[in-house]
Amino acid sequence: MEQMPVLNEKQLEAVEQSEGYVRVVAGAGSGKTRTLAYRFAYLVNELGILPSSILCVTFTNKSANEMRNRIHRLIGDADTGYISTFHGFCNTVLKEEANAIHFPKSFMVLDNADIDSMLKIVYEQRGLTSRDMTFSKARDMIEIQKIDRKPDYYYDLISLSLDQLYEKYARAIETDDIIFYGYLYQQKKNFGLDYNDLIILSLFIFKENDEIRLKWQERLEYIMIDEFQDIDSLQYRLMNVLQGYHKNLFVVGDPDQTIYTWRGANVRFLLDFDQNYPQTKTIYLNENYRSTPQILEAANKLIAVNYNRLPKDLYTKNQAGPNVHAMHFEDTAKEAKGIVEVIHHLLHKGYEYRDIAILYRAHYLSRTLEDEFLQQEIPYTIYSGVPFFQRMEIKDALAYLRMLIFKDDLDFQRTVNTPKRNIGTSRMKFLEEYAISHQISLWESLKENAETEMFKKTRVNEYIELIESENWKDRSVTEVLSGLLDHSGYEAMLRLQGAQDRLDNLAELKQSVSEFERNSGEEGDLEQYLNHIALFTASDQEMQSQKVKMMTVHTAKGLEFPVVILVGLSENIFPSKQTRTLEQMEEERRLAFVALTRAQKELYLSESEGLLANGGFRYPSRFLCDIDEPILNWHPKPAEDLLIHTRASVNSRPALQRPLNQNELLMPGDRVEHKIFGMGSVIETDLEKLSYLIHFDKLDTVRRLSAKANLKKIGTAPKSMGLN
Ligand SMILES: Nc1ncnc2c1ncn2[C@@H]1O[C@H](COP(=O)(O)OP(=O)(O)OP(=O)(O)O)[C@@H](O)[C@H]1O
């Protein structure tokens, strides 16, 4: 068994406060997870509590596994009780109580792909298409119905017979109802429960059946919840029921790390915990053990810009390290090369590949780096994601391209029925047998049989026409690829599924093709491109213990690495282009805060110029501007006009910035100083647009500047000139 290591005074207090309601509000890297694990060990080792009487809730299955291993090492007992996510715990409850909902113990837990397969059946039965609703929207709609609009839906799922449920579905007229009841019918028919059902049905059982509720309440003498800032309302209700008997509830969270509001998380449950449970003891952990003072200062500066937060500054007694490195590049290819150089430099300094983590806002951003890493033989591994060229949609798109030239069996099999053209297993089997007996390829086999009875009801002619009519020789690879993805119906299929991330990946593939064409001039035809790409697609996946880690910031939640390189820090990438409100912008900033605080010793922030997928220019992210310059060690610094553009584009959407306090506003007559334009006088203050008209002494004409512009007030206007 491991020894309990040193805990600081506050951590120890949290560990030893075993009874009642305890809330730990803690900063990044302040030892929340460590405290939680030691508290579990303290309850078992010191107080003699049985592990099976403790529920320890983590945010992901991965962190549940890690926590289980950690606790196992501390208590030396193989039985580590209930260490799981809320959904995992409810799954256990429902397996034990399946009778109460008339489901078999062997019910299926549905993931998004399972739900989509069910939706597909409903859409086909009722003639719906993506124009009516994409699968992704339908999943959201079903979730909203279950949580908000039809909170009693579970009676239908549990009490109605399959026939009665079918009738309800058959009678439905509105699109929402058709989809919703069609899905419920499929659920009942297949005994499938989705994530919302797991919690809602557990709550239902606890509400309806006092005996079962009491059994579970009595069983769970201590409840502990990690990442409490990201708890949602259903989870909160469940937690509230479970703690109702022993009333020993311990929650840990950091309001600055709330990054799942888009999925229903509500930080108020953490902030108002003491009001909901009045006897709460709150313990604050603000000493950071993870990072250097430089990294922490940058993170503190960044998060301080958020308006809706409780001010708190993390501090550390850790040794000083280098300043945070900020890097600017002319384009993403140069950025990738620059990062390879940084990696070599770090290796030279004694770091190993596995010490380095590359973080990014969205999966597609890994592509340019992967290109370069493969060429430069930098070993890497992608966490919770598939390497770019191994992703389904990328392989499909490349298979279409290869079909134009090679018409080989592998690419044929990948493309002929994707999207669906009604070529199922039996038709495929026929084609295979025909090809073997005639010693021809599957493609030829299809062409010879396309007009036969067997293929009458299929859409093979569209496919044949597509492959034959693409006149790829006279066109750029970019055009050919776009044409294929469009005419094959492949992109439309993804749109129907609402698979925006897959569409983003395809946009990134098009970008990669056009880069290839730009770099290779006349040589850049389709065959050349396919040769070039073969290197990546066939790249060996041989295990190497020493690898650079690559992942999205969401995946990095809760992890730490000696070196973090955060890439793609451009406006419309991070913060994401989907950011439309101040709340969303603040969530993006919290996400950036999570990214920065993963670093222990060295932090690199990188951005590049070039074009976005929508054709717009890439400007440095506002998050880089949020961190003061002396903390950032730029090499090289972006040109001043690029930064001016950034500020202008940031200022053009004041709704995404913290509202200005009236007292901070300048008034007509105020004397101001501007970094570039020098001294000037405010002529007009526009409260609606939050801007000033200013006459600068050295300029002939006036300038209108945003109220957020960096203006230093030098003198005040005489009273009579002020705003009323
Ligand atoms: N009292 C302590 N003494 C020394 N090191 C500590 C102490 N407490 C925590 N640490 C170390 O600090 C680092 C951060 O701890 P931990 O991962 O538990 O933090 P956290 O609060 O869960 O972080 P985050 O919320 O940012 O993911 C770990 O490397 C941990 O071992």
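Naming follows an unreviewed UniProt entry, where the chain appears as DNA 3'-5' helicase of Ileibacterium valens. In its Sequence similarities (unreviewed entry) section, the UniProt record describing the chain reads: "Belongs to the helicase family. UvrD subfamily."

Q: So, the overall build of the chain: which residues are in play, and what are the values?
A: A count of helices and strands for the chain gives 30 helices and 20 strands. In summary, the chain has a C-alpha radius of gyration of 29 Å against a globular reference of 27 Å for 724 residues, a match within 12%. With the principal axes as the frame, the chain shows a C-alpha extent of 90 × 75 × 60 Å. Partitioning the contacts of the chain with sequence separation of at least 6, the portion at a separation of at least 24 is 74%. The distance from the centre of the 87 positive side-chain charges to the centre of the 106 negative ones in the chain is 3 Å.

Q: Lay out helix 15 (residues 293-304) in plain terms, naming residues and giving numbers.
A: Here helix 15 spans 16 Å end to end across 12 residues, near enough to the 16 Å set by a 1.5 Å rise per residue. Residues of helix 15 that are buried include every one of Gln-294, Ile-295, Leu-296, Ala-298, Ala-299, Asn-300, Leu-302 and Ile-303, and no others. Looking at the buried positions of helix 15, the neighbouring elements they touch are strand 9 (324-329), helix 28 (582-596), strand 14 (599-608) and helix 29 (622-626).

Q: Which residues make up the packing of aromatic side chains, and what values go with them?
A: Each aromatic ring pair is characterised by the separation of its centres together with the angle its planes make. What the rule picks out here adds up to 27 aromatic pairs. Consider the rings of Phe-373 and Tyr-380, whose centres lie 5.9 Å apart with planes at 55°: the pair is tilted. The same class applies to Phe-373 and to Tyr-380, which are both buried. Taken together, the ring pairs connect Tyr-153, Tyr-154, Tyr-155, Phe-180, Tyr-181 and Phe-204 into an aromatic cluster. In this structure, Arg-263 is placed above the aromatic ring of Trp-262, and the distance from its NZ or CZ to the ring centre is 5.6 Å. Just above the ring of Phe-59 sits the side chain of Lys-557; from NZ or CZ to the centre is 3.7 Å.

Q: Describe the state of the cysteines, listing the residues and the values that go with them.
A: Using the criterion set out here, one finds zero disulfides in the structure. No disulfide involves Cys-56; its sulfur sits 15 Å from that of Cys-90, the nearest cysteine.

Q: Please give an account of the environment of Ile-147 that cites residues and values.
A: With respect to the helices, strands and loops of the structure, Ile-147 is situated in helix 6 (residues 135-149). By relative accessible area, which is 29% here, Ile-147 ends up partly exposed. On a C-alpha basis, the gap between Ile-147 and Asn-461 in space is 45 Å, while along the polypeptide they are 314 residues apart. Discounting residues that sit within four places of it in the chain, Ile-147 has contacts with Asn-196 and Leu-234.

Q: So, the UniProt feature "binding site: ATP" (unreviewed entry) in the chain: which residues are in play, and what are the values?
A: Using the residue numbers shown here, the UniProt feature "binding site: ATP" (unreviewed entry) corresponds to Ala-26, Gly-27, Ala-28, Gly-29, Ser-30, Gly-31, Lys-32 and Thr-33. Tracing the chain through its elements places Gly-27 in the loop between strand 1 (21-26) and helix 2 (32-46). Given a relative accessible area of 11%, Lys-32 falls into the buried group. If we skip the residues at most four places from it in the chain, Lys-32 touches Ala-26, Gly-27, Val-252, Gly-253, Asp-254 and Gln-257.

Q: Please set out the pattern of salt bridges residue by residue, giving values where relevant.
A: Applying the stated criterion to the full structure yields 45 salt bridges. As a salt-bridge pair, Glu-684 and Arg-704 come within 3.2 Å of each other at their nearest N and O atoms. Of this pair, Glu-684 sits in strand 17 (residues 678-686) while Arg-704 sits in strand 19 (residues 703-706); the two residues are 20 residues apart in sequence, bridging distant segments of the chain. Of the residues examined, Arg-704 reaches a relative accessible area of 41% and is grouped as partly exposed. Where salt bridges share partners, they join Glu-96, Glu-97, Lys-215 and Arg-219 into one cluster.

Q: If you had to explain the side chain of Glu-607 to someone new, which residues and values would you point to?
A: When you line up the elements, Glu-607 lands in strand 14. No salt bridge is formed by the buried Glu-607. Its closest oppositely charged neighbour is Arg-618, at 6.6 Å. Engagement of the side chain of Glu-607 in a polar contact is seen with the side chain of His-328, the distance being 2.4 Å. Residues within four places of Glu-607 in sequence aside, it is in contact with Met-327, His-328, Phe-329, Glu-335, Leu-569, Ser-570, Pro-620, Leu-624, Trp-634 and Pro-638.

Q: Explain the pairing of strand 1 to me, using residue names and the numbers behind them.
A: For a regular strand, side-chain orientation follows a simple rule: the groups alternate between the two sheet faces. Counted residue by residue, strand 1 has six buried out of six residues, so it is predominantly covered. Covered by surrounding structure in strand 1 are Tyr-21, Arg-23 and Val-25 together with Val-22, Val-24 and Ala-26, the residues of both alternating faces. Both strand 1 and strand 7 (residues 249-253) contribute to a ladder of five bridges, which runs parallel. Residue pairing for strand 7: Val-25 is matched across the bridge by Gly-253. Pairing analysis gives five bridges linking strand 1 to strand 8 (residues 281-285), with the strands arranged parallel. When the bridges of strand 8 are listed, Val-22 appears paired with Lys-281.

Q: Which residues make up the site of the ligand, and what values do they have?
A: Neighbouring the ligand are 18 residues, the closest being Lys-32, Thr-33, Arg-290, Glu-560 and Arg-598. Take Ser-30: an N or O atom from its main chain is 3.3 Å from an oxygen atom of the ligand. In this structure, Lys-32 approaches the ligand through a side-chain N or O atom, which is 2.6 Å from an oxygen atom. If the ligand stood free it would expose 650 Å²; the protein chains cover 84% of that surface. With three residues, helix 2 is the largest single contributor of residues to the shell around the ligand. Tallied by class, residues from the shell around the ligand come to four nonpolar, nine polar and five charged. Among the domains, domain 1 (9-93 + 203-287) and domain 3 (324-387 + 541-656) are the pair contributing at least three residues each to the shell around the ligand.

Q: Can you break down the sheet that holds strand 20 (residues 711-715) residue by residue, with the values?
A: Pairing is antiparallel across the open sheet formed by five strands, whose spatial order is 19-18-17-16-20. The sheet is open, and its two borders are formed by strand 19 and strand 20, each paired with just one other strand. The mean angle between the axes of side-by-side strands here comes to 45°, regardless of whether they run parallel or antiparallel. Looking at chain direction, strand 17 and strand 18 (residues 691-696) are connected through six bridges and run antiparallel. If you follow Glu-684 over to strand 18, its bridge partner there is Leu-693.

Procedures and definitions
- Residues numbered from 1 in each chain as written.
- Predicted model: local features only at pLDDT ≥ 70, side-chain atom pairs only at ≥ 80, totals over all residues.
- Heavy atoms only, no water.
- UniProt positions renumbered as here; feature names shortened; annotations may be inferred.
- Helix = DSSP H or I, 4+ residues; strand = E, 2+ residues; numbered from the N terminus.
- Rg over C-alpha atoms; globule rule 2.2 N^0.38 Å.
- Contact = heavy atoms within 4.5 Å.
- Lys, Arg positive; Asp, Glu negative; His and termini not counted.
- Charge placed at Lys NZ, Arg CZ, Asp CG, Glu CD.
- Expected span 1.5 Å × (residues − 1).
- Buried < 20%, exposed > 50% of the residue type's maximum accessible area, 1.4 Å probe, protein only.
- Phe/Tyr/Trp six-rings, centres within 6.5 Å; stacked < 30°, edge-to-face > 60°.
- Lys NZ or Arg CZ within 6 Å of the ring centre and 35° of its normal.
- Disulfide = S-S within 2.5 Å.
- Salt bridge = Lys/Arg side-chain N within 4 Å of Asp/Glu carboxyl O.
- Polar contact = N/O pair within 3.5 Å; in protein donor to acceptor, adjacent residues only side chain to side chain.
- Pairing = 2+ DSSP bridges.
- Near = heavy atom within 4 Å.
- Areas by Shrake-Rupley, 256 points an atom, 1.4 Å probe, with all protein chains shown as cover.
- Nonpolar A, V, L, I, M, F, W, Y, C, P; charged D, E, K, R; others polar.
- Domains from an automatic or database assignment.
- Axes fitted to C-alpha atoms, helices over the stretch in contact; angles between N-to-C directions.

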